[in-house]
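Observations on the model geometry
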There are 2 protein chains.
Amino acid sequence: MRASLDCYPCFFIQTLRTARMVTSDEKTILQILHEVSTTLQQIPFNVTPPEIGREVYRIISRRTGVEDPYKEVKDRCIREALSLYPELKRSVESSEDRLMTAIRLAIAGNVIDFGTDSSFDLEQELETILSQDFAVDDSQEFREALKQARNVLYLADNAGETVFDRLLIEEMDKPVIYVVREKPIINDATREDALLSGLDKVSEITSSGCDTPGTILKFCSDEFLETYRSANLIISKGQGNYEALSDEKRPIFFLLKAKCQVVARDLGVENGSIILAKTGKL
Amino acid sequence: MRASLDCYPCFFIQTLRTARMVTSDEKTILQILHEVSTTLQQIPFNVTPPEIGREVYRIISRRTGVEDPYKEVKDRCIREALSLYPELKRSVESSEDRLMTAIRLAIAGNVIDFGTDSSFDLEQELETILSQDFAVDDSQEFREALKQARNVLYLADNAGETVFDRLLIEEMDKPVIYVVREKPIINDATREDALLSGLDKVSEITSSGCDTPGTILKFCSDEFLETYRSANLIISKGQGNYEALSDEKRPIFFLLKAKCQVVARDLGVENGSIILAKTGKL
């Protein structure tokens, strides 16, 4: 999915929000905004949003000297999610359709996202998403594909959401490779975040080799690309991965909540919708 | 009031909204956004928002060749407001406190604002504001000042809102000079808009001589400045005029609805609050 003109102001909103997390010096923040202005003029705008996003967040890190502005936020989100885990696990176990409940919870975890909006109420969101209708529901195809699959490649999104992914992975009962970002970017999950979330107990954690907030294949490592090509079933979590992979030809199951107008429009759904969509069927 | 860093992304949101009103050519819009990027780097950011806003809107007009992108919108707002006028007039006449009802209606008209947000429901807003508590209420001082005043200088804000101003002017029963922008800027009222709204029947319409979306004195004509200095009572409508004049030493009564966080914060009120505030008491 290509960046929309609507992404242009949004990059400044993200810049401001993130810069303020690491410094209160208004001069520095203004310089960062100015440098983002320059950069947006220099890079082509007909690429995917995560490709532009990487440049924006690099400016913030370089100017402030803080490589991982969301470190504390990520740790807090993981701790909060872990504290909910036992209760969520019980709700999966006691539900009539365990897989479907786990899918819904994995999507609920997707609200933990500081790229789109920093204000969310996780417990409120959980309640909503457990009863919300899917705007795109390819769950039957997903069940079939899962039955056939010998292995699953699971593209992670945000730290904290990782714990919710664990619930789904536990229900799938297949060997899973869990793919994280190579370096910190926004609040996206890295290897460290996945480990803190206990993903090593249920999957093999691997890096995509790229540090864009979305799995952009041209930036991924050769090693990852080989894994990607040989995967039986691919689950892609969140907006960033959708933005990066929505034009891919091979089947991918996208699990996400649409959290901005641009992605919602691309999916042909209302903003706020929850989605389990197989590529080619959107 | 100086521009906040929060204004930075907002200028791009405004640019995008306005550019899309006059062209659907994405390349042109992207060029406009780029030029705004350059301009925001070049002008000092420690001025008032309308001073920066003028440059932003000038870029849109120059690049698209459309001097008044909001012409149709303004005409529609005036027509809509005029159609409500007889009913509003009756509600003033039948109310216990006619002046206060007229003040509330004048503030309700202030929701017609395309600088902050293009989506508003005028009739819904009317109902709310007629019963909403003032977050700052200097109405007693206003009544006193009005009693003493031989004349009133009334700084207009948006086209359409003009019709609501008329209701208040009719209740004040004083000679009123109604001040409009020299040239079209966003949906701010010009002489033409004031005439269409019938302000010539209840006041003397004059231009401030400036074309910023807010009455910035250093850009006003000498003629206006003389009127400004000799005025007994000044009423300033809307955010733009507040942003331009909030640091003035002389008494001014600000009538507005806070429609963005930056102005709300400066006033020390919640966003969405309604205000009748005398300078020096904020």
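Keep in mind the model is a prediction, meaning the values are calculated, not measured. (Residues numbered from 1 in each chain as written. Chains lettered and ligands numbered in written order. Predicted model: local features only at pLDDT ≥ 70, side-chain atom pairs only at ≥ 80, totals over all residues. Heavy atoms only, no water.)

Some remarks on helix H4 (residues 71-93) of chain B
All names here are of chain B. For H4, spanning 23 residues, the distance from its first C-alpha to its last is 32 Å, which sits close to the expected 33 Å at 1.5 Å a residue. A bend of about 45° at tyrosine 85 is the largest found in H4, and the proline proline 86 appears one to four places after it. Buried within H4 we find Val73, Lys74, Cys77, Ile78, Ala81, Leu84, Tyr85, Leu88, Lys89 and Val92. Among the structural elements, helix H1 (7-22), helix H5 (98-108), helix H6 (122-131), helix H8 (161-172) and helix H9 (191-196) are those in contact with the buried residues of H4. (Helix = DSSP H or I, 4+ residues; strand = E, 2+ residues; numbered from the N terminus. Expected span 1.5 Å × (residues − 1). Bend = angle between axes of the 7 residues up to and from the residue. Buried < 20%, exposed > 50% of the residue type's maximum accessible area, 1.4 Å probe, protein only. Contact = heavy atoms within 4.5 Å.)

Overview of the packing of aromatic side chains
By the definition in use, this model includes 15 aromatic pairs over all chains. With 5.5 Å between their ring centres and 40° between their planes, Phe12(A) and Tyr8(B) make a pair best called tilted. Of this pair, Phe12(A) sits in helix H1 (residues 7-22) while Tyr8(B) sits in helix H1, each in a different chain. Like Phe12(A), the residue Tyr8(B) is buried in the burial classification. Where Phe12(A) meets Phe12(B), the ring centres are 4.1 Å apart and the plane angle is 5°; that geometry is what we call stacked. Here Phe12(B) lies in helix H1 and Phe12(A) lies in helix H1, a pairing that spans two chains. Taking the relative accessible area as the measure of exposure, Phe12(A) reaches 0% and is therefore buried. (Phe/Tyr/Trp six-rings, centres within 6.5 Å; stacked < 30°, edge-to-face > 60°.)

Considering the sheet that holds strand S4 (residues 204-207) of chain B
Residues and elements named next belong to chain B. Strands sit in the order S1-S7-S6-S5-S2-S3-S4 across an open sheet of seven strands; the sheet is mixed. If you trace the sheet from one side to the other, it starts and ends with strand S1 (134-137) and S4, each paired once. In this sheet, adjacent strand axes meet at a mean angle of 20° when their direction is disregarded. Relative to strand S5 (residues 233-237), strand S2 (residues 152-155) runs parallel, the two sharing four bridges. Along S5, the bridge assignment pairs valine 152 with leucine 233. Each of S2, S5 and strand S6 (253-257) touches helix H11 (residues 238-245); the most contacted strand, S6, lies at about 135° to it. (Pairing = 2+ DSSP bridges. Axes fitted to C-alpha atoms, helices over the stretch in contact; angles between N-to-C directions.)

Observations concerning the pattern of salt bridges
All names here are of chain A. Scanning the model with the defined rule gives 50 salt bridges over all chains in all. Notably, a salt bridge pairs lysine 89 with glutamate 170, separated by 2.9 Å at the nearest N-O pair. Of this pair, lysine 89 sits in helix H4 (residues 71-93) while glutamate 170 is found in helix H8 (residues 161-172), placing the two residues 81 residues apart along the sequence. Put simply, arginine 166 and glutamate 170 hold a salt bridge, and the shortest N to O gap is 3.6 Å. Taken together, the residues arginine 166 and glutamate 170, both in helix H8 and four residues apart, mark about one turn of the helix. One network of salt bridges, in which partners are shared, links Lys89, Arg98, Arg166, Glu170 and Glu171. (Salt bridge = Lys/Arg side-chain N within 4 Å of Asp/Glu carboxyl O.)

Concerning the interface of chain A and chain B
With 19 residues of chain A in contact, the opposing surface of chain B contributes 19 residues. Summing both partners gives a buried area of about 1,700 Å² for chain A against chain B, and 68% of it is carried by carbon and sulfur. For the chain A face of the interface with chain B, the top three residues by lost area are Leu5(A), Tyr8(A) and Gln41(A), together amounting to 34%. Here chain A and chain B share two salt bridges between them. Of the charged contacts, one joins Asp6(A) and Arg20(B) as a salt bridge, the two residues approaching to 2.9 Å between their closest N and O atoms. Between chain A and chain B we count eight residue pairs in polar contact (both at pLDDT 80 or more) in total. Elements with a minimum of two residues in the side of chain A that touches chain B: H1 and helix H2 (26-42) of chain A. Of the residues forming the side of chain A that touches chain B, the biggest block, nine residues, is contributed by H2(A). Counted by class, the side of chain A that touches chain B contains 11 nonpolar, five polar and three charged residues. (Buried area = accessible area lost by both parts, 1.4 Å probe. Polar contact = N/O pair within 3.5 Å; in protein donor to acceptor, adjacent residues only side chain to side chain. Nonpolar A, V, L, I, M, F, W, Y, C, P; charged D, E, K, R; others polar.)

So, the relation of the copies chain A and chain B
Aligned on chain B, chain A shows an RMSD of 0.0 Å; the corresponding rotation is 180° and the shift along the axis is 0.0 Å. Taken together, the rotation and translation relating the two chain copies correspond to the operation of a two-fold axis. (Least-squares fit on C-alpha atoms with pLDDT ≥ 70 in both.)

Observations regarding the sheet that holds strand S4 (residues 204-207) of chain A
All names here are of chain A. Here seven strands make up an open sheet; going across it, the order is S1-S7-S6-S5-S2-S3-S4 and the pairing mixed. With partners counted over all chains shown, the strands left at the sheet margins are strand S1 (134-137) and S4, one partner each. Strand after strand, the sheet turns through a mean of 20° between neighbouring axes, direction not considered. The sheet contact formed by S1 and strand S7 (residues 274-278) spans three bridges and is parallel. Note that in S7 the partner of phenylalanine 134 across the bridge is isoleucine 274.

Focus on unusual backbone geometry
Negative phi is the rule for most residues except glycine; trans is the rule for most peptide bonds. Residue and element names in this part refer to chain A. Although it is not a glycine, isoleucine 186 adopts a positive phi angle of roughly 45°. Locating isoleucine 186 in the fold gives a position in the loop between strand S3 (176-180) and helix H9 (191-196). Isoleucine 186 gets classed as buried once you look at its relative accessible area, which sits at 9%.

A look at the nonpolar core
Formed by 198 residues in total, the largest nonpolar core has its most connected members in Ile103(A), Phe142(A), Met172(A), Ile103(B), Phe142(B) and Met172(B). In contact with Phe142(A), not counting residues within four places along its chain, are Leu99(A), Ile103(A), Met172(A), Leu233(A), Ile235(A), Phe253(A) and Leu276(A). (Core = buried A, V, L, I, M, F, W, Y, C linked by side-chain atoms within 4.5 Å.)

Focus: the pairing of S6(B)
Residues and elements named next belong to chain B. The buried fraction of S6 is high, at five of five residues. The alternating pattern of S6 places Phe253, Leu255 and Lys257 and Phe254 and Leu256 on opposite faces, both of which are buried. With three bridges joining them, S5 and S6 adopt parallel strand pairing. By the bridge assignment, isoleucine 235 is partnered in S6 with phenylalanine 253. Chirality of the crossover, the property in question, places the unit of S5, H11 and S6 among those that are right-handed. Pairing between S6 and strand S7 (residues 274-278): five bridges, direction antiparallel. Bridge pairing in S7 places leucine 255 opposite leucine 276. (Right-handed = clockwise from strand over helix to strand, strands pointing away.)

Considerations on the side chain of Lys89(A)
Its relative accessible area of 17% is what places Lys89(A) among the buried residues. Every residue in contact with Lys89(A), bar those within four places of it in the chain, is listed here: Leu167(A), Glu170(A) and Glu171(A).

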